[in-house]
Number of protein chains: 2
Amino acid sequence: MERAGGNDPSAGGEEPELLSDQIRNVLTDEIASGALPPGMGLDEQELANRFGASRTPVREALRQLAVTGLVEIRPRRGVIVTQTTPERIMEMFEMSAEIEAMCVRIATYRITPIERGRLIEMHDASEALVQRSDIDGYDKFNREFHEVIYGATHNAFMAEQALTIRNRLKAFRRTQLRHGSRLARSREEHEAILNAIAQGEGDEASRRMRAHMLNAASAIGRYIATQTRKDV
Amino acid sequence: MERAGGNDPSAGGEEPELLSDQIRNVLTDEIASGALPPGMGLDEQELANRFGASRTPVREALRQLAVTGLVEIRPRRGVIVTQTTPERIMEMFEMSAEIEAMCVRIATYRITPIERGRLIEMHDASEALVQRSDIDGYDKFNREFHEVIYGATHNAFMAEQALTIRNRLKAFRRTQLRHGSRLARSREEHEAILNAIAQGEGDEASRRMRAHMLNAASAIGRYIATQTRKDV
DNA sequence: ATTGGCAATTTTGTATACGATATTGACTTT
DNA sequence: AAAGTCAATATCGTATACAAAATTGCCAAT
């Protein structure tokens, strides 16, 4: 999606940060983090006051979030944080798993030695994180690991889409790797994937990636099943 | 993307059509159809005059289109229709092919007899369209055919995403099936896919779908390669 | 003739204003 | 007492107003 869902203040061009963009980014984070829970109504004037701005940039931000699906706009009835049912969350996780599987399959056939080297290097370094049970550190590594794979598809559009979907799931992945055991398992799965890549077995890498993603998702799924029951 | 890129005036709820939504839909179509060519600047006041509205709803529409990637906003420097390079178009086609392949694979394992019956029925009816060389008719059938497959994944989120990507490629698929021969070939490929589905061979259906999509894309690719060279 | 800088103009980004629709609460009626 | 109706209020959608930044055109200087 271009620089869309974009928290992308990089891109050398040195573009000015518009108020509406800042507001959009803050709201994105707050929704993803759960600070603004699903179903909560978002009053334009109220948000405007909070940000010290007028309704105009707030409105623009909300409209953009609606395209992403983060909020829902009912004409003349206000904006609410999208209520995501457990079923839909599971659908999103499945989609995410399939996308990752797709990416790794293509990446297997196109990855360069340099990229593969970087993956292996990152993977090696991750062992220390597991032993330290450094959850936040592993989380960061994990994200980068998957992003390198996106890049190795050498299809920028695909990489963007994959990242967009992954980001969209961030809100629900929050509670994910909170067990050290999952950390170690995750790393083993990464290794299995890397082996398949090294042997040029795209389909096998794809299957292992799908399993990897669904393993991660199932833990969350059990949590969500109990957690979101309240507002369904 | 929810009801995002959404020309979706259905959804029983009977929501009022906002000016900003109407403008967004019109602009979407005009960009997709090429009436607003890539690189063209979009002046807010000018558009407002054209639609007999003020700048406010026009701005909201443009901001939403930017999220989709149809237009590009350079802060304080105006809005232009996104310049899509031939490379990127090919990337989008590849992504589309992979998504379709992914969907049909999952659909193979989950499709209901009723859904399969509908696919076969549509496929049978399409023979007449081929013989008549009814390109527009076949185009419509083709879209529905693929949408039924999306639905058969029984993953609404996946179906939405697939449709969003497909719609986004509409602009570049315009010149596609302009040869009767491609029409017949397309139908044969559909049949091969249906056979794989019938036998429960998800991976095979997936491969055939990928080939089907890439066949369609390659014809366009050759066209685009010559056509878009002007503005690169 | 070309390039550099400056002023005028245009256009964007944000703020404010206004009309219309939905929501809320009280009151009446059964 | 419960339900329906109507008025008051609040909030949304759009229009207009204003300030800041970028583009454009002109003039001068090399």
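Above this note sits the structure.
Now for a description of the structure that goes with this document. (Residues numbered from 1 in each chain as written. Chains lettered and ligands numbered in written order. Predicted model: local features only at pLDDT ≥ 70, side-chain atom pairs only at ≥ 80, totals over all residues. Heavy atoms only, no water.)

### Some words on the interface of chain A and chain B
- If you look at the interface, chain A gives 38 residues, while chain B gives 39 residues.
- Our count for the chain A to chain B interface comes out at 10 salt bridges.
- Of the charged contacts in the structure, one is a salt bridge between R105 of chain A and E98 of chain B, with a shortest N-O distance of 3.7 Å.
- On the surface where chain A and chain B come into contact, there are 14 residue pairs in polar contact (both at pLDDT 80 or more).
- Broken down by secondary-structure element, the contributors of at least two residues to the side of chain A that touches chain B are α3 (55-68), α4 (86-110) and α7 (156-168) of chain A.
- For the side of chain A that touches chain B, the element with the most residues is α4 of chain A, which contributes 11 residues.
- Here the residues of the side of chain A that touches chain B sort into 15 nonpolar, eight polar and 15 charged. (Contact = heavy atoms within 4.5 Å. Salt bridge = Lys/Arg side-chain N within 4 Å of Asp/Glu carboxyl O. Polar contact = N/O pair within 3.5 Å; in protein donor to acceptor, adjacent residues only side chain to side chain. Helix = DSSP H or I, 4+ residues; strand = E, 2+ residues; numbered from the N terminus. Nonpolar A, V, L, I, M, F, W, Y, C, P; charged D, E, K, R; others polar.)

### Focus on the packing of helix α5 (residues 113-132) of chain B against helix α6 (residues 135-152) of chain B
Residue and element names in this part refer to chain B.
- Where α5 contacts α6, the two axes come as close as 10 Å, and the packing angle between them is 165°. By the angle between their directions, the pair α5 and α6 is classed as roughly antiparallel. The element α5 and its partner α6 pack so that their crossing is left-handed. Taking contact as the criterion, the partners of E115, R118, L119, M122, H123, S126, L129 and V130 in α5 are, on α6, G137, Y138, F141, E144, F145, V148, I149, G151 and A152.
- Residues of the contact of α5 with α6, tallied by class, amount to 10 nonpolar, four polar and three charged. (Axes fitted to C-alpha atoms, helices over the stretch in contact; angles between N-to-C directions. Parallel < 35°, antiparallel > 145°, perpendicular 65-115°, else oblique. Left-handed = near helix turned anticlockwise from the far one by under 90°.)

### With respect to the sheet that holds strand β1 (residues 41-42) of chain B
Residue and element names in this part refer to chain B.
- Reading across from one edge, β1-β3-β2 is the order of the three strands in this open sheet, with antiparallel pairing throughout. Two strands close off the open sheet at either side, each with one partner strand: β1 and β2 (71-74).
- Pairing of β2 with strand β3 (residues 78-81), which is carried by four bridges, proceeds in the antiparallel orientation. In the sheet register, E72 faces β3, and the bridge partner there is I80.
- Sheet strands in contact with helix α3 (residues 55-68) are β1, β2 and β3, and its direction is about 110° off that of β2. (Pairing = 2+ DSSP bridges.)

### Some details on the packing of aromatic side chains
- Enumeration over the complete set of coordinates arrives at four aromatic pairs over all chains.
- On the basis of an interplanar angle of 55° and a centroid distance of 5.6 Å, the ring pair of F141 of chain B and F145 of chain B is categorised as tilted. Of the two residues, F141 of chain B and F145 of chain B both sit in helix α6, four residues apart, roughly one turn of that helix.
- When the ring centre of F51 of chain A is taken as origin, the NZ or CZ atom of R50 of chain A, which lies over that ring, is 4.7 Å away. (Phe/Tyr/Trp six-rings, centres within 6.5 Å; stacked < 30°, edge-to-face > 60°. Lys NZ or Arg CZ within 6 Å of the ring centre and 35° of its normal.)

### Quick look at the sheet that holds strand β3 (residues 78-81) of chain A
- Spatial strand order, β1-β3-β2 (chain A): three strands in an open sheet with antiparallel pairing. Among the strands making up the open sheet, the edge pair consists of β1 (41-42) and β2 (71-74) of chain A.

### Some points on the relation of the copies chain A and chain B
- Of the transformation superimposing chain A on chain B, the axial component is 0.0 Å and the angular component is 180°, with the fit at an RMSD of 0.1 Å. In the structure described here, the two chain copies are related by an operation that fits a two-fold rotation axis. Looking at the rotation axis and the C-alpha trace of chain A, the residue lying nearest is Q64 of chain A, at 2.7 Å.
- Most of the interface of chain A is mirrored in chain B: 100% of its interface residues are interface residues there too. (Least-squares fit on C-alpha atoms with pLDDT ≥ 70 in both.)

### Considering the protein's contact with DNA strand C
- Neighbouring residues of DNA strand C: 18 residues in total, closest L19, S54, T56 and R77 of chain A together with R55 of chain B.
- Of all DNA strand C atoms lying within 4 Å of any protein atom, the proportion belonging to sugar or phosphate reaches 69%.
- Contact distances for DNA strand C include 2.9 Å between a base nitrogen and a side-chain N or O atom of R55 of chain B.
- R63 of chain B places a polar side-chain atom, nitrogen or oxygen, 3.4 Å from a phosphate oxygen of DNA strand C.
- When contributions to the surface near DNA strand C are tallied by element, the ones reaching two or more residues are α1 (19-33) and α3 of chain A together with α3 of chain B.
- The residue inventory of the surface near DNA strand C, partitioned by class, reads five nonpolar, four polar and nine charged. (Near = heavy atom within 4 Å.)

### Comments concerning unusual backbone geometry
- Of note in the backbone geometry, S133 of chain A takes a positive phi value of approximately 55° without being a glycine.
- Of note, S133 of chain A is situated in the loop between α5 (113-132) and α6 (135-152).
- On the accessibility criterion, S133 of chain A (42% relative accessible area) is partly exposed.
- A positive phi angle, close to 55°, is found at H154 of chain B, a residue other than glycine.
- With respect to the helices, strands and loops of the structure, H154 of chain B is situated in the loop between α6 and α7 (156-168). (Buried < 20%, exposed > 50% of the residue type's maximum accessible area, 1.4 Å probe, protein only.)

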